[in-house]
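# Observations on the model geometry
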Amino acid sequence: MWQFIKYVFATIVGLFLFSLLGFFLFIGLAAALGSSEEKTNVEKNSVLKLNLNNSIQEVSVDNPFAEFTGGQGDVIGLLDIKSALANAKLDPNIKGVYLDVQYPMVGWASAEEIRDAIIDFKKSKKFVYAYGEVMTEKAYYLASVADKIYLNPAGGMEWNGLSAEYDFYKGTLDKLEIKPLVFRVGEYKSAVEPFFRENMSDASKLQNQVLINTIFNHAVENIAKSRGISAAQLKNLADSLSIDAPQDALKYKLITHVGYYDEVENSLKNELKLKEDDKIKFVGLGKYIKADKLIKDGPSDRRIAVIIGEGAIMSGKSNDGNIGSETIMEELRKARKDKKVKAVVLRINSPGGSALASDVMWREVQLTRKEKPVIASMSDVAASGGYYMAMGCDKIVAQPNTITGSIGVFSVLFNFEDTFRNKLGITFDRVNTNAHADWPSVTRDMTPFENNRLQKSTENIYATFTRKAAEGRKMPLAKLQALASGRVWSGKEAKENGLIDEFGGLDKAIQVAAKAAKLKEGDYRIKYPAEKNMVEQFINKLTGNAEEQLMQQKLGDFAPYLKVLKKLQQMQGTQARLPYDIVIK
């Protein structure tokens, strides 16, 4: 009997392993097929279709299954969207652009770049249609530049202003009997508030209120220009919740049509002079980026290298969602030593992170700019450690709605002594050769002397941060420190205060870099980073999900608490990090 059970068990395991192996072989085959350089043949009278409801990052993720999912992956790149629109502007076979826009998963500054690219496309006199069953404010911000804007009759449009809500962990830490010990510099350095408060401090509430007001006002001003509606009226519509149904949006001229998708198709057919039974020739982003490039590259011996850092800052190699200082250093060194590279654009999309890793990258920027211009391009957010990366560059370019500043640092330690003793029955004892040999410790209270030393260390790092920022911005230290204290600024405020130099997106930063390197337009080639590999990211997520499921299975109701602890574990050493995880809705 046991022998039979053993054989059955071995068979089940074998089948599982065979299935798993077959699955990964399928992924590998798909990746090989997807990596082929077969060009897309764009037919005459085609329409570029952009689905902007996916996750949008700086660089796309290579999706070998794109051919089976409408020609677009789950993670699309901002670079690809802009490149496709610029190419379509010149492409005689592309007659217009269709925007599928409802819930764009993108920051406000990136949305600004996409919107500007659509505006530039319209200079070709080709049409732009936008359709959504529903639209958020950000979706409408993108759609507002379209010639025709359709909203589904049964759908709706969100137009009630912006809100920013944050998580606080004090209650969780209290339940777990974890004692946070916080060291910070700056009145506005509120990144640590979730650990010891249940709500925002007055200083934090002030800076965030100003921030979302600035971002919303900027969006309203641009929409007012596009739709011919006064900014005052748009704000009044938000305050009064007047846009309750699609018909309301039509009444107040925010959209041009209320209609179903088939009605959008009929309108497109009329635009394209097609018959009722004809099929619209849509071409998706994933396929169109493989079409012939009509924007010709400049000479290969004169290049501007674009280096992208996206995510939280840490030491080591970059990975999905994190900027590794070692990776950025390597890229800067390559660009510095490459004689074909005449200038560098450092594209930053980061809320900050490790102060040490930030400083290491700052040093590499300094070494590079001694030999060739280095221009910073801020994306959705380049704050705290993200600003640290930018402040040493020759020039800083950002959008008016970029989140930046937050020049400040903090350190946080947690005392788990009560957690281990009262929750798990574990206690600790020790012997030391010196009075503070076990310092800092997470299993005992620290002495006032030890606390003072950590606060002093945090203050020293803050002094270094502000001194280098003042040098980079060429302003008196006292003035810089008045703008620091961890205060978060919009790009608009940052320019008024001298923390950035110019407004614009990545294209503007490249133009600034070309001018600094004395390169004429069309006389250089842009060297972009390669797209990310979907297979590697899938495996990482697969293993990550497996770990999370195992945590849930083993810990049950305690699993969410462990998630919090894992997040705290990532904050090793002094942090130059943005207050909270800012998500503006």
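Up top is the structure.
Here is a short report on the structure shown in this document. Everything numeric in this text was worked out from a predicted model, so none of it was measured.

All right, on to helix α16 (residues 448-473) then. Here α16 is 26 residues long and its end C-alpha atoms lie 37 Å apart, about the 38 Å a rise of 1.5 Å per residue gives. Looking one or two residues past α16, Lys-474 carries a phi angle of roughly 55°, positive in sign.

Attention now moves to the packing of helix α2 (residues 78-90) against helix α3 (residues 108-121). Close contact between α2 and α3 brings their axes to 9 Å; oriented N to C, the two are set at 5°. Relative to α3, α2 is oriented roughly parallel. Along the contact surface, α2 presents Leu-78, Ile-81, Lys-82, Leu-85, Ala-88 and Lys-89, while α3 presents Ser-110, Glu-113, Ile-114, Ala-117, Ile-118, Asp-120 and Phe-121. For the contact of α2 with α3, the class distribution of residues is eight nonpolar, one polar and four charged.

Inspection of the secondary structure assignment puts Ser-325 in helix α12 (residues 325-337). When residues no more than four places from it in sequence are discounted, the contact partners of Ser-325 are Met-314, Ser-315, Gly-316, Ala-357, Val-360 and Met-361.

This paragraph deals with the environment of Lys-518. Within the secondary structure, Lys-518 sits in the loop between α19 (506-516) and β22 (525-527). Residue classification places Lys-518 among the exposed residues on the basis of a relative accessible area of 77%. Note: C-alpha distance between Lys-518 and Ala-343 (175 residues apart in sequence) is 9.7 Å.

For the rest of this paragraph, the subject is the sheet that holds strand β6 (residues 127-135). Consider a sheet: its strands pair through backbone hydrogen bonds, and that pairing is either parallel or antiparallel. One open sheet holds the six strands; their spatial order is β9-β7-β6-β5-β1-β10, and the pairing between them is parallel. If you trace the sheet from one side to the other, it starts and ends with β9 (257-258) and β10 (281-284), each paired once. Of the pairings in the sheet, the one linking strand β7 (residues 148-157) to β9 comprises two bridges and is parallel in character. Within β9, the position partnered with Tyr-150 by the bridge is His-257. This element, helix α10 (residues 261-272), spans β1 (46-51), β5 (94-100), β6, β7 and β10 of the sheet and lies at about 180° to β6.

Contact pair α3 / helix α7 (residues 202-227): the axes reach a minimum separation of 12 Å and the direction vectors enclose 15°. Relative to α7, the element α3 lies roughly parallel. By crossing handedness, the relation of α3 to α7 is classed as left-handed. Residues Trp-108, Glu-112 and Arg-115 of α3 pack against Ile-215, His-218, Ala-219, Asn-222, Ile-223 and Ser-226 of α7. Residues belonging to the contact of α3 with α7 are distributed by class as follows: four nonpolar, three polar and two charged.

What follows covers a nonpolar patch on the surface. Residues Leu-90, Leu-294 and Ile-295 make up a contiguous nonpolar surface patch of roughly 250 Å² in combined accessible area. By secondary structure assignment, the location of Ile-295 is in the loop between α11 (285-288) and β11 (303-310). On the basis of relative accessibility, which here comes to 43%, the residue Ile-295 falls in the partly exposed class.

Reading the values: the criteria
- Residues numbered from 1 in each chain as written.
- Predicted model: local features only at pLDDT ≥ 70, side-chain atom pairs only at ≥ 80, totals over all residues.
- Heavy atoms only, no water.
- Helix = DSSP H or I, 4+ residues; strand = E, 2+ residues; numbered from the N terminus.
- Expected span 1.5 Å × (residues − 1).
- Axes fitted to C-alpha atoms, helices over the stretch in contact; angles between N-to-C directions.
- Parallel < 35°, antiparallel > 145°, perpendicular 65-115°, else oblique.
- Contact = heavy atoms within 4.5 Å.
- Nonpolar A, V, L, I, M, F, W, Y, C, P; charged D, E, K, R; others polar.
- Buried < 20%, exposed > 50% of the residue type's maximum accessible area, 1.4 Å probe, protein only.
- Pairing = 2+ DSSP bridges.
- Left-handed = near helix turned anticlockwise from the far one by under 90°.
- Patch = residues over 30% accessible without salt bridge, like charges linked within 9 Å, V, L, I, M, F, W, Y side chains within 5 Å.
- Areas by Shrake-Rupley, 256 points an atom, 1.4 Å probe, with all protein chains shown as cover.
- Salt bridge = Lys/Arg side-chain N within 4 Å of Asp/Glu carboxyl O.

Shape is all these values report; function is a separate question.
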